[in-house]
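Residue strings, one per chain:
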Amino acid sequence: MQQTVSSRLAEFTAGLRLADVPARVSQRAKHLVLDAVGCALAARDEPFAARIAASVARLAGEGPRAVLGMPYRLPARDAALVNGMLMHGLDYDDTHAAGIVHLTVSLFPAVLAAAAQRAASGAELLAAYLAGLEAGARLAAAAKGGFHEVGFHPTGVVGAFACALAAGRVMGLGPAQLTGAQGIALSLASGNLQFLEDGSWTKRLHPGWAVACGITAAALAADELPAPRAAYEGRYGLYRTHLREAVDLTIATAELGQAWETERVAVKPFPACHFVHACADAAIALARAGVEASRVRAVRALVPSGVVEAVCEPAAAKRRPQSDYDAKFSIPYAVASGLARGRLGTAELRPQALREPALLALMDKVEYATDPHFEFPRYYGGEVEVTMDDGTRLRERVAVNRGHPERPLSNDEIEAKFLENCAVTTDERTARRLCGLVLGLDSIADAATLEKALAAI
């Protein structure tokens, strides 16, 4: 039978061994997991976290699996859903640049739940995570930004397929079953960008729902449920139904086990949509160079055309964010905060920070224009030009966003970010203990040990 994308990814997932993964790649993978855990712990006291977790708990009832930093014990699928929501809720989690997809925040909850349920080792958990990330990154990259253009969020859509593979690997599924799991995921995957219109909370659900879809698909595939084999290239496969243009299917399986997309995952320096980072950094650089926000007459932000719908339009709404989530997807807010405060962190996204009169006035001065010279989606570049009250013009251009694989945050910087995130809700001693535990993930005999430690904070 002719090999499909699904069967090729299934073979790779089933056959990957941690011993075959370069040490630097495994080390980076553990730091990506550490970053996601830190994001979850920073979010656990947020209003959205409490409300969503409580809703899921009422629906699901009690179970054996833990939720990170929260008192709930839920069925595996539901605990993973909540954990994904926590890791992604602040929009501070990693992004595979070419795929424009958040993968760790679905994959790690998936493999943690599956591994803890089966008393699998930390090494097996890590291998499954790596397999899912390598597959999911390629599946998203093949779309070349096309999912966003038609209103789909690849984190929810592609994440379901990646989680089906990763969870299925932990469950011991063979290549044929993993192929079926992807076919089942095709009928379950979802994730819509309508939240961009009003700053609503639904995006926070996407990684967790991807986990729930993936675990469900893997469980059904384990019982040999007949499923499509051509989940991606078929007549009604993912790419034909979800995208306007044809894709290069070779990207979906290119250099598996030879080139490592794990090393191309960008870790965020700001708790906001990656599309605003370059302009935020440019504005901060101008502030540090001495630009006084009170003397700014006009601001022009240059962005790639591919980010306009997400972070620039509708322009009036982007200048008046009503919530932290609105602000995370607003070029005017990122630029104004950078110019006026010289920073864009969690404190700058709290409700009171959104309503400062001086910042509102500065946002009214921010216009945007597109620049075809930015290499999007390879990079998420941006430029900020300010016109001062004396007519002087100053500009700062960031062609390659900080955190991108070509300007990566170091592992030490990721650890520092983890400790900073943990400081929001826990003490330094606990944070450092957790840091050591996660970075020693591959030496843990039973993944339930890690799950228990992450819950008992």
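Structure: see above.
Summarised in this report is the structure supplied together with it. Starting afresh in each chain, residues are numbered from 1 along the sequence in its written order. Totals for whole chains, interfaces and linings use every residue, but because this is a predicted model, local features are given only for residues with pLDDT of at least 70 and side-chain atom pairs only at 80 or more, for both listing and counting. Note that water and hydrogens are dropped before the side-chain values are worked out from all heavy atoms of the structure.

### What to know about the overall build of the protein chain
Stage number 1. For the purposes of this entry, the term helix denotes a DSSP run of H or I that reaches at least four residues, the term strand denotes a run of E that reaches at least two, and both are numbered from the N terminus. From N to C terminus, the protein chain includes 20 helices and 8 strands.
Stage number 2. A compact globule built from 457 residues should have a C-alpha radius of gyration of about 23 Å, and the protein chain, at 21 Å, falls within 12% of that.
Stage number 3. Along the longest, intermediate and shortest principal axes, the C-alpha atoms of the protein chain span 70 × 50 × 40 Å.
Stage number 4. Think of it in three bands: with a 1.4 Å probe and only protein chains considered, a residue is buried below 20% of the maximum accessible area for its type, exposed above 50%, and partly exposed in between. Burial status across the protein chain gives 61% buried among its 457 residues.
Stage number 5. Surface exposure here means Shrake-Rupley accessible area, sampled with a 1.4 Å probe, where a residue is shielded only by the protein chains that are shown. Roughly 17200 Å² of accessible area belongs to the protein chain as shown, and the carbon and sulfur atoms make up 50% of that amount.
Stage number 6. Neither His nor the chain ends is counted toward charge; the positive residues are Lys and Arg and the negative residues Asp and Glu. Charge positions are represented by NZ for Lys, CZ for Arg, CG for Asp and CD for Glu. Charged side chains in the protein chain number 47 positive and 50 negative. The centres of these two groups are separated by 2 Å. The reference for a compact globule is 2.2 Å times residues^0.38; the radius of gyration itself is calculated from the C-alpha atoms.

### Side note on helix 20 (residues 447–455)
Stage number 1. Here helix 20 has its buried residues at A447, L450, E451, A453, L454 and A455.
Stage number 2. Any pair of residues with heavy atoms lying within 4.5 Å of one another is described as a contacting pair. For helix 20, the elements touching its buried residues are helix 2 (23–43), strand 1 (65–66), strand 2 (73–74), helix 5 (104–117), helix 6 (122–141) and helix 19 (428–439).
Stage number 3. Backbone nitrogen of A448 and a side-chain oxygen of the N-cap are separated by 2.9 Å at the start of helix 20; the cap is D446. Any pair of nitrogen or oxygen atoms within 3.5 Å is treated as a polar contact; in protein, a donor-acceptor pairing is required on top of that, and neighbouring residues in sequence qualify only through side-chain atoms on both sides.

### Looking at the nonpolar core
Stage number 1. By convention a nonpolar core is built from buried Ala, Val, Leu, Ile, Met, Phe, Trp, Tyr and Cys residues, the set being connected through side-chain atoms within 4.5 Å. By size, the foremost hydrophobic cluster in this structure holds 115 residues, and its most contacted members are L86, F108, Y129, L139, Y232 and Y239.
Stage number 2. When residues in this core are grouped by element, the largest group, 12 residues, is from helix 2.
Stage number 3. When neighbours within four sequence positions are excluded, Y232 is seen to be in contact with V5, S6, L9, L139, F161, Q182, G237, L238, Y239 and R240.
Stage number 4. The next biggest cluster of nonpolar side chains, apart from the first, holds 49 residues, and it includes L193, L344, V384 and V398.

### Points about the side chain of T179
Stage number 1. Positionally, T179 belongs in helix 9 (residues 175–185).
Stage number 2. Exposure remark for T179: the relative accessible area of 3% places this residue in the buried category.
Stage number 3. Not counting chain neighbours up to four residues away, the residues in contact with T179 comprise S6, S7, A10, P228 and R229.

### Examining the pairing of strand 8 (residues 393–398)
In the case of a regular strand, side chains alternate between the two sheet surfaces.
Stage number 1. The pairing of strand 7 (residues 382–388) with strand 8 spans 6 bridges and is classified as antiparallel. Note that in strand 8 the partner of E385 across the bridge is R395.
Stage number 2. Paired strands, in this sense, are two strands between which DSSP finds at least two bridges. Between strand 7 and strand 8, which pair antiparallel and follow one another directly, the connecting turn spans 4 residues, one of which, G391, has a positive phi of 90°.

### Structural notes on the packing of helix 1 (residues 5–15) against helix 9
The geometry of a pair of packed helices is captured by two quantities: the angle between their axes and the separation between those axes.
Stage number 1. Where helices are involved, their axes are fitted lines through C-alpha atoms of the stretch in contact, as for all axes, and angles between N-to-C directions lie from 0 to 180°. As a packed pair, helix 1 and helix 9 sit with axes 8 Å apart at the nearest point and diverge in direction by 130°. Taken together, the axes of helix 1 and helix 9 are oblique relative to one another. Handedness of the crossing formed by helix 1 with helix 9: right-handed. Contacts from S6, S7, L9, A10, E11, T13 and A14 in helix 1 reach P175, L178, T179 and Q182 in helix 9.
Stage number 2. Of the residues belonging to the contact of helix 1 with helix 9, the class tally is 5 nonpolar, 5 polar and 1 charged. Any angle that falls under 35 degrees is termed roughly parallel, while one over 145 is termed roughly antiparallel, one within 65 to 115 roughly perpendicular, and all others oblique. Take the far helix as your reference; a near helix turned counterclockwise from it by less than a right angle gives a left-handed crossing, and one turned clockwise gives a right-handed crossing. Think of it as three bins: nonpolar holds Ala, Val, Leu, Ile, Met, Phe, Trp, Tyr, Cys and Pro, charged holds Asp, Glu, Lys and Arg, and polar takes everything else, Gly as well.

### A word on helix 19
Stage number 1. Helices are assigned an expected span. That span is 1.5 Å times one less than the residue count. With 12 residues, helix 19 ought to run about 16 Å at 1.5 Å a step, and its terminal C-alpha atoms sit 16 Å apart, in line with that.
Stage number 2. For helix 19, the full list of buried residues reads T430, A431, L434, C435, V438 and L439. Axial view of helix 19: buried residues confined to an arc of 155°, hence all on one face.
Stage number 3. Considering only its buried residues, helix 19 is in contact with helix 2, helix 18 (411–422) and helix 20.
Stage number 4. Capping the start of helix 19, D427 holds a side-chain oxygen 3.2 Å from the backbone nitrogen of R429, two or three residues further along. The directions from the helix axis to the C-beta atoms are what the arc is built from.

### Considerations on the packing of aromatic side chains
Stage number 1. Any two rings among Phe, Tyr and Trp, with Trp reduced to its six-membered ring, count as a pair given centres within 6.5 Å; such a pair is stacked if its planes are under 30 degrees apart, edge-to-face if over 60, and tilted if neither. Throughout the structure, instances matching the rule amount to 9 aromatic pairs.
Stage number 2. Consider the rings of F161 and Y232, whose centres lie 5.1 Å apart with planes at 55°: the pair is tilted. Placement of the pair is F161 in helix 8 (residues 154–170) and Y232 in the loop between helix 10 (206–222) and helix 11 (238–242), with a sequence separation of 71 residues. Comparing F161 with Y232, the two get one shared label, buried.
Stage number 3. Measuring from ring centre to ring centre gives 5.6 Å for F195 and F329, while their planes differ by 75°; the resulting arrangement is edge-to-face. Note that F195 is positioned in the loop between helix 9 and helix 10 and F329 in the loop between helix 15 (324–328) and helix 16 (331–341), a separation of 134 residues in sequence.
Stage number 4. Among the residues examined, F329 registers a relative accessible area of 6% and is labelled buried.
Stage number 5. Linked through ring pairs, F161, Y232 and Y239 together constitute an aromatic cluster.
Stage number 6. A cation over a ring is seen here: R204 above F48, with NZ or CZ 3.9 Å from the ring centre. Ring-over charges, as used throughout, are those where CZ of Arg or NZ of Lys falls within 6 Å of the ring centre and within 35 degrees of the ring normal.

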